[in-house]
Amino acid sequence: MGSGHILVYAFDVLMQIYESQGYTQRDAAQSILQNNLYGLDIDERAAQLAYFAVMMKARQYDRRIFSRGIQPHVYGIVESNGLSGLWTKDNKDMQELFDAMRDAKEYGSILTAPALDYGSLREFAKNKVASIEQFDLESNDLQDQLSQVLALIDVAEVLAGKYQISATNPPYMSSSNMDVKLSKFTKDNFPDSKSDMFAIFIERCGMMTAKNGYQAMITQHSWMFLSSFTKLRMKTIQKRLISMAHLGARAFDEIGGEVVQTTAFVVQNSYAGNSYGVYCRLLKETSQAEKEEAFLEKKSCFVANQEMFSKVPGAPLAYWGTINQFRVFEDCDTLAEVANPRQGLITGDVNRFVRKWYECSIENLSFDSKYDTSERAGKWFPYCNGGGYRKWYGNNEDVVNWERDGYEVKNFVDGNGKQRSRPQNQQYYFREGGTWSAISTSKLSVRYFGEGFLFSNAGMAIYAEHDKLRYIIGFLNSNLSQLYLGLFNEGLNYNQGDIAKLPIRIKRQSEIIQCVEQAISAEKDDWDSFEESWDFRKHPLI
């Protein structure tokens, strides 16, 4: 709940509902506090701010609310660590509660609490203190802990509840930034959404939403496309996706840049069937005000049947796609069925193992190494490593240390002896292929390279038979491939998984290959006319 912004807004909405049913503002304010609003946060200070905000909002409608002894159901997460074992003695439910809430401050609202009779547990806790002899040394300890136990019961009861509406802007945290304990918990309990905390909250809030209830969230938009969230998407489209405002970058003026790209959506916890949702695409607008105006004016709105999403490999939420585009995937092969897109060598330290070719001694460069050469002389070998936007040929500047078949790279370890490098897909090293930059702010651009190259994770590669390779490079450099790539990925990355899912049908092969070869030849002549090329001979103006 953070500091309670959503709760305060919901309070006003609920007040309108109550007043429409004939309630006075005073009675409605009391009922809302007691029956309608629930919130949790892992940060105790945030919980205090939320408590204050909700109570001040209630006082706006009932000036005597503070004297009525009504407490809102907003809490900071508490845990059972450090509480006396006497609380659980002879009470299995209390023991189950304590076990579930151990280390709760580590996990916060993603924790699942057991379904217990929490009213009875409150009575048990109060009677436990009263039943112990007045002068028993342990009675003072229990008296001090009673408020903690009651708070534990309150938090667990909220965690165990089912709600007509769940709404939040969850925290973002990649799994790579989680500590060992949190990482294990998420892997054990949320295997379909473990890649990021915001995705875990999508799943957790779905669990807290009652049947036919609504789940409203604003999150990073990556879960709509990335392969790591495929299972989460499949779960989500089994429910009804009611609406979405796809905000993209710069949805909030205080957050600049392209990294934080968001989407706000509403899901109903009911079987989707043949249902349609309304989606507003607000990616072109460059400010919060522009996006708000476009949304209210219903610009760039789409109505999509969510059953169509599952027709595309990975089920991306490509709501802007047409029915004919989705049907293509049923009629065509995927690129992975006719070629091999791959991620290559990750050295673990580019400053140590990668150079520009003109930084190296010419005696140590190996530009003529072929795939079938058993003894590869030299230290520095051509390395496809990304680069700026360029089609057909070029960006051949980097070389990698692959001396003695990569001995130094393969044995590169950290202080604990763990290998830092990842020399993956080595069976494709030194073969001809096509490469592209994995990260780009522009369109996909694929370049042909001949035998003798290694490739990286920044400059991924695709391999196929000689003639088929040229056809595929032509397809990947076409507007058609860009159209379908847009269904998989709205980010800045062109990973080999998305490339592999592209639909392709090979037709007019000889004609297209001839065009591609002409384009490659022309771009090679252009690249070799400048000194960045190791095949440079003479500037064209001389």
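Use the structure listed above.
Here is what the cut-offs are and how they apply
- Residues numbered from 1 in each chain as written.
- Predicted model: local features only at pLDDT ≥ 70, side-chain atom pairs only at ≥ 80, totals over all residues.
- Heavy atoms only, no water.
- Helix = DSSP H or I, 4+ residues; strand = E, 2+ residues; numbered from the N terminus.
- Buried < 20%, exposed > 50% of the residue type's maximum accessible area, 1.4 Å probe, protein only.
- Contact = heavy atoms within 4.5 Å.
- Areas by Shrake-Rupley, 256 points an atom, 1.4 Å probe, with all protein chains shown as cover.
- Lys, Arg positive; Asp, Glu negative; His and termini not counted.
- Charge placed at Lys NZ, Arg CZ, Asp CG, Glu CD.
- Polar contact = N/O pair within 3.5 Å; in protein donor to acceptor, adjacent residues only side chain to side chain.
- Pairing = 2+ DSSP bridges.
- Axes fitted to C-alpha atoms, helices over the stretch in contact; angles between N-to-C directions.
- Patch = residues over 30% accessible without salt bridge, like charges linked within 9 Å, V, L, I, M, F, W, Y side chains within 5 Å.
- Salt bridge = Lys/Arg side-chain N within 4 Å of Asp/Glu carboxyl O.
- Core = buried A, V, L, I, M, F, W, Y, C linked by side-chain atoms within 4.5 Å.
- Phe/Tyr/Trp six-rings, centres within 6.5 Å; stacked < 30°, edge-to-face > 60°.
- Lys NZ or Arg CZ within 6 Å of the ring centre and 35° of its normal.
- Expected span 1.5 Å × (residues − 1).
- Arc of directions from axis to C-beta.
- Parallel < 35°, antiparallel > 145°, perpendicular 65-115°, else oblique.
- Left-handed = near helix turned anticlockwise from the far one by under 90°.

Enquirer: I keep staring at the overall build of the protein chain and nothing clicks. Help me out?
Expert: Each helix and strand counted, the protein chain has 18 helices and 18 strands in total. Dimensions along the principal axes, computed over C-alpha positions, put the protein chain at roughly 95 × 55 × 40 Å. Put simply, the protein chain has 542 residues, and 48% of those count as buried. Partitioning the intrachain contacts of the protein chain with sequence separation of at least 6 by distance along the chain shows that 70% fall at a separation of at least 24. Carbon and sulfur atoms provide 49% of the accessible area of the protein chain, an area that totals close to 27600 Å². Within the protein chain, the 68 negative side-chain charges are centred at a point lying 3 Å from the centre of the 60 positive side-chain charges.

Enquirer: When you look at the side chain of Asn91 in this model, what are you seeing that I'm missing?
Expert: Residue position: Asn91 is located in the loop between β2 (73-76) and α4 (92-100). Not counting residues up to four positions away in its chain, the partners in contact with Asn91 are Leu121 and Phe124.

Enquirer: Teacher, can you tell me more about the side chain of Glu432 here?
Expert: As for its placement among the helices and strands, Glu432 is situated in the loop between α14 (403-410) and β14 (433-437). Within the structure, the side chain of Glu432 is placed 2.6 Å from the side chain of Tyr448, a separation counted as a polar contact. Here Glu432 is in contact with Tyr448, Phe449, Gly450, Glu451, Tyr463, His466, Leu469 and Arg470, once residues within four sequence places are set aside.

Enquirer: Can you walk me through the environment of Lys468 in this structure?
Expert: Topologically, Lys468 is positioned in helix α15 (residues 466-476). For Lys468, a relative accessible area of 23% corresponds to the partly exposed category. Here Lys468 is in contact with Val338, Ile506 and Gln509, once residues within four sequence places are set aside.

Enquirer: What am I meant to see in the sheet that holds strand β7 (residues 276-281) here?
Expert: Pairing is mixed across the open sheet formed by 6 strands, whose spatial order is β3-β4-β6-β5-β7-β8. Only two strands of the sheet have a single neighbouring strand rather than two, namely β3 (163-168) and β8 (301-305). Sheet twist, expressed as the average angle between the axes of neighbouring strands with direction ignored, equals 10°. Where strand β5 (residues 239-249) meets β7, 4 bridges bridge the pair, whose relative direction is parallel. Across the sheet, residue Ser243 finds its bridge partner in β7, namely Val278. Contacting β3, β4 (209-220), β5 and β6 (261-271), helix α9 (residues 197-208) runs over the sheet at an angle of about 165° to β4.

Enquirer: What is the right way to look at the sheet that holds strand β11 (residues 354-356) in this model?
Expert: Strands in a sheet are paired, the pairing made by backbone hydrogen bonds, and the direction either parallel or antiparallel. Here we have 4 strands laid out as an open sheet, ordered β11-β13-β12-β16, and mixed in their pairing. Of all the strands in the sheet, just β11 and β16 (454-455) have a single pairing partner and so form its edges. Pairing of strand β12 (residues 380-384) with strand β13 (residues 398-401) involves 3 bridges; the strand directions are antiparallel. The residue bridging Pro382 from the neighbouring strand is Val399, located in β13.

Enquirer: Honestly, a nonpolar patch on the surface in this entry has me stumped. Any pointers?
Expert: Among the surface-exposed residues, Tyr9, Val13 and Ile17 lie close enough to one another that they form a single nonpolar patch of about 320 Å² accessible area. Looking at the element boundaries, Val13 is found in helix α1 (residues 5-20).

Enquirer: What exactly am I supposed to notice about the nonpolar core here?
Expert: Within soluble globular proteins, side chains that are nonpolar tend to cluster in buried spots. By size, the foremost hydrophobic cluster in this structure holds 98 residues, and its most contacted members are Trp87, Leu97, Trp223 and Leu476. Per-element tally for this core: the top contributor is helix α7 (residues 137-160), with 10 residues. Those residues in contact with Leu97, other than ones at most four positions away along the chain, are Leu116, Tyr118, Leu121, Leu152, Ile153 and Ala156. Judged by nonpolar contacts, the second largest core, of 25 residues, contains Phe353, Phe412, Phe430 and Ala461.

Enquirer: Sorry if this is basic, but what is going on with the packing of aromatic side chains here?
Expert: Ring pairs (aromatic) are described by centroid distance and by the angle formed between their planes. Applying the stated criterion across every chain yields a total of 27 aromatic pairs. Here the aromatic rings of Trp223 and Phe265 are separated by 5.1 Å at their centres, their planes lie at 50°, and the arrangement is tilted. Taken together, the residues span a long stretch of sequence, with Trp223 in the loop between β4 and α10 (230-236) and Phe265 in strand β6 at a distance of 42 residues. For the pair formed by Trp223 and Phe265, the shared burial category is buried. Between the aromatic rings of Trp357 and Phe367, the centroid separation amounts to 6.2 Å while the plane-to-plane angle is 75°, which identifies the pairing as edge-to-face. Highlighted residues: Trp357 in the loop between β11 and β12 and Phe367 in the loop between β11 and β12, separated in sequence by 10 residues. On the basis of relative accessible area, Trp357 is assigned to the buried category, the value being 15%. Among the aromatic side chains, those forming a connected cluster through ring pairs are Trp357, Tyr358, Phe367, Trp402, Tyr428, Tyr429, Phe449, Phe453, Phe455, Tyr463 and Trp534. Over the ring of Trp320 we find Arg281, and its NZ or CZ is 4.1 Å from the ring centre. For the cation-ring pair, Arg404 lies above Tyr407, with the distance from its terminal atom to the ring centre recorded as 4.6 Å.

Enquirer: It is not clear to me how the environment of Leu469 should be interpreted in this structure. Could you clarify?
Expert: Structurally, the position occupied by Leu469 is in helix α15. Residue class for Leu469 comes out buried when judged on its relative accessible area of 0%. Not counting chain neighbours up to four residues away, the residues in contact with Leu469 comprise Glu432, Gly433, Gly434, Tyr448, Ile462 and Ala464.

Enquirer: In this structure, what is going on with unusual backbone geometry? I would like to understand it.
Expert: If a residue is not glycine, its phi is most likely negative; likewise, a peptide bond is most likely trans. Phi is positive for Ser300, which is not a glycine, with a value near 50°. Inspection of the secondary structure puts Ser300 in the loop between α11 (288-296) and β8. We note that Phe430 has phi near 75°; this positive angle belongs to a residue other than glycine. With respect to the secondary-structure elements, Phe430 resides in the loop between α14 and β14.

Enquirer: Looking at this structure, how should I read helix α3 (residues 44-61)?
Expert: An α-helical turn contains 3.6 residues, so any two residues separated by three or four positions project in the same direction. Under the 1.5 Å per step criterion, the end-to-end length of α3 is 27 Å for 18 residues, consistent within 8% with the ideal 26 Å. Those residues of α3 that sit buried are Ala46, Ala47, Ala50, Val54, Met55, Lys57, Ala58 and Tyr61. Seen end-on, α3 carries its buried residues on one side only, within an arc spanning 165°. Turned more than 90 degrees from where α3 packs its buried face, Arg45 and Phe52 sit exposed.

Enquirer: Help me understand the packing of α1 against α3 in this model?
Expert: Pairs of packed helices are described in terms of their axes, by the angle between the two and the distance that separates them. Between α1 and α3, the least distance of the axes is 9 Å, while the angle of their chain directions is 25°. Comparing the axis directions of α1 and α3 gives the class roughly parallel. At the point where α1 passes α3, the crossing takes the right-handed sense. In this structure, α1 uses Leu7, Val8, Phe11, Asp12 and Met15 to contact α3, whose residues at the interface are Ala53, Val54, Lys57, Ala58 and Tyr61.

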